[in-house]
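This is what each chain is made of:
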Amino acid sequence: MFNSVSEAIEDLQKRSYCMVEIMDDGSLKVGEESLKSAKELSILDNYNFGKGSDPDEEVDLYTLSTPKGMKGYVVAGFGEHVDSAHARIINHLLRSKVSST
C-alpha cells in the first residue's frame, strides 16, 4: 500500500491521524485527547517497512483509535532504533488483542 514510512505518515496526517505522544508521566495524548494509558487504545491496522536484510532498517507503523474516536499512529523501530516507550505501548496493545480473541 505504501512504499515508505514517510509516505504512510503523510497519508495518515491528511486523513486526520495524529502522532501518539507519550507524556513525561506516562500518559498519552492523541490530538487533543489525553489518555491515562495504552489500555484505552485499540489497534486499527499495522504496516511493516524495511523487511530486508538489515534489521536496523525495520519499522512497524500502527494506526490506533481512542474511545472518543480520535485516530493516531505509533512508529516502532527495531534494533538500535527502538523507542522503549513506543515499544511498551505496542506490546501492551498486542497482548490485549491476543487475550481478547
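The structure under discussion appears in the preceding block.
Attention here is on the structure that accompanies the text.

Procedures and definitions
- Residues numbered from 1 in each chain as written.
- Predicted model: local features only at pLDDT ≥ 70, side-chain atom pairs only at ≥ 80, totals over all residues.
- Heavy atoms only, no water.
- Buried < 20%, exposed > 50% of the residue type's maximum accessible area, 1.4 Å probe, protein only.
- Helix = DSSP H or I, 4+ residues; strand = E, 2+ residues; numbered from the N terminus.
- Pairing = 2+ DSSP bridges.
- Arc of directions from axis to C-beta.
- Contact = heavy atoms within 4.5 Å.
- Axes fitted to C-alpha atoms, helices over the stretch in contact; angles between N-to-C directions.
- Core = buried A, V, L, I, M, F, W, Y, C linked by side-chain atoms within 4.5 Å.
- Phe/Tyr/Trp six-rings, centres within 6.5 Å; stacked < 30°, edge-to-face > 60°.

Put simply, side chains in a regular strand alternate between the two faces of the sheet. The element strand β6 (residues 71–77) is extensively covered by neighbouring structure, given that five of its seven residues are classed as buried. With two bridges connecting them, strand β1 (residues 18–22) and β6 associate as parallel partners. Within β6, the position partnered with M19 by the bridge is Y73. Note: strand β5 (residues 59–65) against β6, seven bridges, orientation antiparallel. Residue pairing in the sheet places D60 in a bridge with A76 of β6.

Listed as buried for helix α1 (residues 5–14) are A8, I9 and L12. Taken end-on, α1 shows its buried residues confined to a sector of 95°, consistent with a single buried face. In α1, the exposed positions that point more than 90 degrees away from the buried face belong to S6 and K14. Residues of α1 that are buried sit in contact with β4 (42–49), β5 and β6. Once α1 finishes, S16 follows within two positions and takes phi at roughly 70°, a positive value.

Our focus in this paragraph is the sheet that holds β1. The strand order across the open sheet built from six strands is β3-β2-β1-β6-β5-β4, with neighbouring strands paired in mixed fashion. Across the chains shown, the open sheet's two edge strands, defined by having one partner strand only, are β3 (33–35) and β4. In this sheet, neighbouring strand axes are inclined to one another by 30° on average, regardless of whether the strands run parallel or antiparallel. With respect to the sheet, α1 is in contact with β4, β5 and β6, its orientation differing from that of β5 by roughly 15°.

Bringing the nonpolar core into the picture now. Counting residues in each nonpolar core, the largest one holds 14 residues, and the members touching the most others are V20, L28, L41, L64, I89 and L93. Mapped by element, the contributors of at least two residues to this core are β2 (28–30), β5, β6 and α2 (84–99). Ranked by size, the runner-up nonpolar core spans nine residues in total, among them A8, Y17, F49 and Y73.

Moving on, we come to the packing of aromatic side chains. Here the structure, examined in full by the defined rule, presents one aromatic pair. Where F2 meets Y47, the ring centres are 5.3 Å apart and the plane angle is 75°; that geometry is what we call edge-to-face. Here Y47 lies in strand β4 and F2 lies in the segment before α1, a separation of 45 residues in the sequence. In this structure F2 comes out as buried when scored by relative accessible area, which is 14%.

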